[in-house]
Number of protein chains: 2
Amino acid sequence: MKTISENACFGGTQGVYTHTSQVCDCDMTFGLFLPEEAAEGPVPLLWYLSGLTCTHENAMTKAGAQSWAAAHGIALVFPDTSPRGEWVADDEAYDLGQGAGFYVNATEAPWAAHFQMWDYITEELTTALDHSFAVDMERQAITGHSMGGHGALTMAMSLPGRFRSVSAFAPISNPTASDWGRKQLSAYLGNNEETWAAHDATLLMREKGFDGPILIDTGTNDQFIDLLKPEALAEATAARRQQATLRMQPGYDHSYFFVSTFIEEHVAFHADALYA
Amino acid sequence: MKTISENACFGGTQGVYTHTSQVCDCDMTFGLFLPEEAAEGPVPLLWYLSGLTCTHENAMTKAGAQSWAAAHGIALVFPDTSPRGEWVADDEAYDLGQGAGFYVNATEAPWAAHFQMWDYITEELTTALDHSFAVDMERQAITGHSMGGHGALTMAMSLPGRFRSVSAFAPISNPTASDWGRKQLSAYLGNNEETWAAHDATLLMREKGFDGPILIDTGTNDQFIDLLKPEALAEATAARRQQATLRMQPGYDHSYFFVSTFIEEHVAFHADALYA
């Protein structure tokens, strides 16, 4: 675990660290905010999964989450969105390859060698954080934006008991029925669509749901909303009688100006669950 | 306008009044809460439409709304749910006839002679309140429970510019596809289902939507949820990109214990719109 930087931040520390990922077979960088309470013992952990084209840095610098995490004594982890490196497969499109891991374990060439983001997040980075930092793995919650909202929702529903609460900003909600999804799931997982279902929040909501609270915000002026398909997940959530708050926020778009507007409420929502 | 009772309440007055309805061809009774600010001039008005079997009295005595209306300086009106009287048609079922007007203008015998609840609420009672009380008809909002949530949503979407905001508790959301709806719409409006569409919140959301904020709460343990069909309205709302907050509240049922739990947030939601 190599320290890239550490900055004092809202009474705690915003760090950036690099470690060698076995599952992705490359070095991976992540951001970690620890509130001042972490000096005294393990604190709850909120995961923030980012969207297409993002690195560990975008949310860390633009979401404004640290202020509210500090207020609630919660750690924030900002993983990268894909493996990285010159020898790691990539694509010219912004929405495939590096920066676009889609939080799956790729099974298809040329991606399978490095693109193991599901295992990286849910196993390797989880273990690394537990070993190296004062975070309480019995109190985890997860959020994310766009592709990261997809990751947060699919991980929360697929790993019962892992996360006490899940939220999302403008999540890709039904990727098996969207151009933000079909292209990538086909590339990473192959053309057998049965393997895609485990990575579609709407299908998981129909199958499993989530044993805890859900908060989802989407802007009515989101320029990518037709790709996100919030209506599919809204229908599935209500049909399941799933505990949830689904908000269509008037005038907001897909940007971090939208995320930063509502991050306070998302952190407070998770704090309620983490300290319940 | 005959005063049945007036009680001091949270610094204002909770009144019950009876007047002769021309459109329903019978006397109609309603509750009206006026906050103390009404002594100085017209105040904003929040309509509360009640559900099956209710009179003007249920929400007035069980919802706990007056406390929050007083805090925001808002008047509350609690209309009855149907025409009443020995000479008014009725049915042995709890969900048809007296106490079950469904907020439509009946066209079929034996209902058409008195069951004109749409016109009663949106025209006759509106005019009567404007003439007799210190309410500001330029600042109206509407909410309701169950059948009353159906009424609130359909009136809000059908009368653009009338209501600044609309909310609902466990609304009947897709009556043209539910046993809470098909029976009554058939009885009151006849078997031409085209005439039903104007009284289905899901169909209205697809056609028109609402030019303002929407807040809807439904309990996950609502014993009537299969009749309410929140999933249909959730899908339509998200598909329209309609400004809205849709909440599935864990563990809550269809009762006034549910309504009273969230009435504070609904009144505050309407206050935001009424004072914008």
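So, how was this worked out
- Residues numbered from 1 in each chain as written.
- Chains lettered and ligands numbered in written order.
- Predicted model: local features only at pLDDT ≥ 70, side-chain atom pairs only at ≥ 80, totals over all residues.
- Heavy atoms only, no water.
- Helix = DSSP H or I, 4+ residues; strand = E, 2+ residues; numbered from the N terminus.
- Rg over C-alpha atoms; globule rule 2.2 N^0.38 Å.
- Buried < 20%, exposed > 50% of the residue type's maximum accessible area, 1.4 Å probe, protein only.
- Contact = heavy atoms within 4.5 Å.
- Areas by Shrake-Rupley, 256 points an atom, 1.4 Å probe, with all protein chains shown as cover.
- Lys, Arg positive; Asp, Glu negative; His and termini not counted.
- Charge placed at Lys NZ, Arg CZ, Asp CG, Glu CD.
- Pairing = 2+ DSSP bridges.
- UniProt positions renumbered as here; feature names shortened; annotations may be inferred.
- Least-squares fit on C-alpha atoms with pLDDT ≥ 70 in both.
- Buried area = accessible area lost by both parts, 1.4 Å probe.
- Salt bridge = Lys/Arg side-chain N within 4 Å of Asp/Glu carboxyl O.
- Polar contact = N/O pair within 3.5 Å; in protein donor to acceptor, adjacent residues only side chain to side chain.
- Nonpolar A, V, L, I, M, F, W, Y, C, P; charged D, E, K, R; others polar.
- Disulfide = S-S within 2.5 Å.
- Expected span 1.5 Å × (residues − 1).
- pLDDT = per-residue confidence, 0-100.

**Q** Got a sec to walk through the overall build of chain A? Specific residues and values, please.
**A** The secondary structure content of chain A amounts to 9 helices and 9 strands. Its C-alpha atoms give chain A a radius of gyration of 17 Å, near enough to 19 Å, the size a compact globule of 276 residues would have. For chain A, the C-alpha atoms occupy an extent of roughly 50 × 45 × 35 Å along the three principal directions. Relative to its 276 residues, chain A shows a buried fraction of 63%. Contacts spanning at least 24 positions in sequence make up 72% of the contacts within chain A whose residues lie at least 6 apart. A total of about 10200 Å² of accessible surface is found on chain A, and carbon and sulfur atoms cover 47% of it. If the 14 positive side-chain charges of chain A are averaged to one point and the 35 negative ones to another, these points end up 6 Å apart.

**Q** Account for the environment of B:Val259, naming residues and giving values.
**A** All names here are of chain B. Relative to the elements of secondary structure, Val-259 occurs in helix 9 (residues 256-274). Val-259 sits in the buried class, given a relative accessible area of 0%. Once residues lying within four places of it in the same chain are set aside, the contact partners of Val-259 are Tyr-48, Ala-63, His-145 and Phe-169.

**Q** Describe the pairing of strand 8 (residues 214-219) of chain A, with residues and values.
**A** Residue and element names in this part refer to chain A. Of all 6 residues in strand 8, 6 are buried, a share of seventy percent or more. Here strand 8 shows a buried face lined by Ile-214, Ile-216 and Thr-218 and a second buried face lined by Leu-215, Asp-217 and Gly-219. Sheet analysis places strand 7 (residues 163-169) next to strand 8, joined by 4 bridges and oriented parallel. Looking at the pairing, Ala-168 lines up with Ile-216 of strand 8. Sheet analysis places strand 8 next to strand 9 (residues 244-249), joined by 5 bridges and oriented parallel. Directly across from Ile-216, in strand 9, lies its bridge partner Leu-246.

**Q** Run through the UniProt feature "active site" (unreviewed entry) in chain A, naming residues and quoting values.
**A** All names here are of chain A. As annotated in UniProt, the feature "active site" (unreviewed entry) corresponds to Ser-146, Asp-222 and His-254 in the numbering used here. The largest pairwise C-alpha distance within this set of annotated residues, which runs over 109 residues, is 10.6 Å, so the set is compact in three dimensions. Position of Asp-222 relative to the elements: it lies in the loop between strand 8 and helix 7 (225-228). Sequence-distant contacts of Asp-222, defined by excluding residues within four places in its chain, comprise Ala-170, Leu-228, Tyr-252, Asp-253 and His-254. Filtering out sequence-adjacent residues up to four positions away, His-254 remains in contact with His-145, Ser-146, Ala-170, Trp-180, Asp-222, Gln-223, Phe-224 and Leu-228.

**Q** Report on the relation of the copies chain A and chain B, specifying residues and quantitative values.
**A** In this arrangement, two copies of a chain are superimposed by a rotation about an axis accompanied by a shift along the axis. Superposing chain A onto chain B takes a rotation of 180 degrees combined with a translation of 0.0 Å along the rotation axis, leaving an RMSD of 0.0 Å. Here the transformation between the copies is reduced to the relation of a two-fold axis. Looking at chain A, 100% of its interface residues are interface residues in chain B too, so the copies touch through the same face.

**Q** For the interface of chain A and chain B, give the residues involved together with the corresponding values.
**A** Taken together, the contact between chain A and chain B spans 18 residues of the former and 18 residues of the latter. Carbon and sulfur atoms supply 61% of the area buried between chain A and chain B, which totals about 1700 Å² over both sides. For the chain A face of the interface with chain B, the top three residues by lost area are A:Glu231, A:Arg241 and A:Met248, together amounting to 38%. Between chain A and chain B we count 4 salt bridges in total. With a closest N to O distance of 2.7 Å, B:Arg241 and A:Asp226 form a salt bridge. Here chain A and chain B share 7 residue pairs in polar contact (both at pLDDT 80 or more) between them. Of all the secondary-structure elements, those providing two or more residues to the side of chain A that touches chain B are helix 7, helix 8 (230-240) and strand 9 of chain A. In terms of residue count, the dominant contributor to the side of chain A that touches chain B is helix 8 of chain A (6 residues). Here the residues of the side of chain A that touches chain B are counted per class, giving 9 nonpolar, 4 polar and 5 charged.

**Q** Requested: an account of the state of the cysteines, with residues and values cited.
**A** Under the counting rule described, the total for this entry stands at 0 disulfides over all chains. Among the cysteines around A:Cys54, which has no disulfide bond, A:Cys24 carries the closest sulfur, lying 17 Å off.

**Q** Describe helix 4 (residues 147-158) of chain B, listing the residues and the values that go with them.
**A** Residue and element names in this part refer to chain B. Helix length check: helix 4, at 12 residues, gives a terminal C-alpha distance of 16 Å against a target of 16 Å (1.5 Å per residue), a fit within 8%. Within helix 4, 11 of the 12 residues are buried, which leaves the element mostly enclosed by the surrounding structure. Listed as buried for helix 4 are Met-147, Gly-148, Gly-149, His-150, Gly-151, Ala-152, Leu-153, Thr-154, Met-155, Ala-156 and Met-157.

**Q** Would you mind going over the pattern of salt bridges in detail, with residue names and values included?
**A** A full pass over the atoms with the stated rule returns 16 salt bridges over all chains. Several salt bridges converge on common partners, so that one network encompasses A:Asp217, A:Arg247 and A:Glu265.

**Q** Tell me about unusual backbone geometry, residues and numbers included.
**A** Residues and elements named next belong to chain A. Following Ala-109, the chain continues to Pro-110 via a peptide bond in cis, the omega torsion being 0 degrees. Checked against the element boundaries, Pro-110 lands in the loop between strand 5 (75-79) and helix 3 (117-132). Residue Thr-53 is not a glycine yet carries a positive backbone phi of 75 degrees. In this fold, Thr-53 is placed in the loop between strand 4 (43-49) and helix 1 (57-62). A positive phi is found at Ser-146, a non-glycine position, where the angle reads about 60 degrees. Along the chain, Ser-146 turns up in the loop between strand 6 (135-144) and helix 4 (147-158). Taking the relative accessible area as the measure of exposure, Ser-146 reaches 3% and is therefore buried.

**Q** Any details on the confidence of the model for chain A? Residues and values, ideally.
**A** Across chain A, the average pLDDT comes to 97, with 100% of residues at 70 or higher. For this predicted complex, the interface confidence reaches an ipTM of 0.78, while the overall pTM sits at 0.88.

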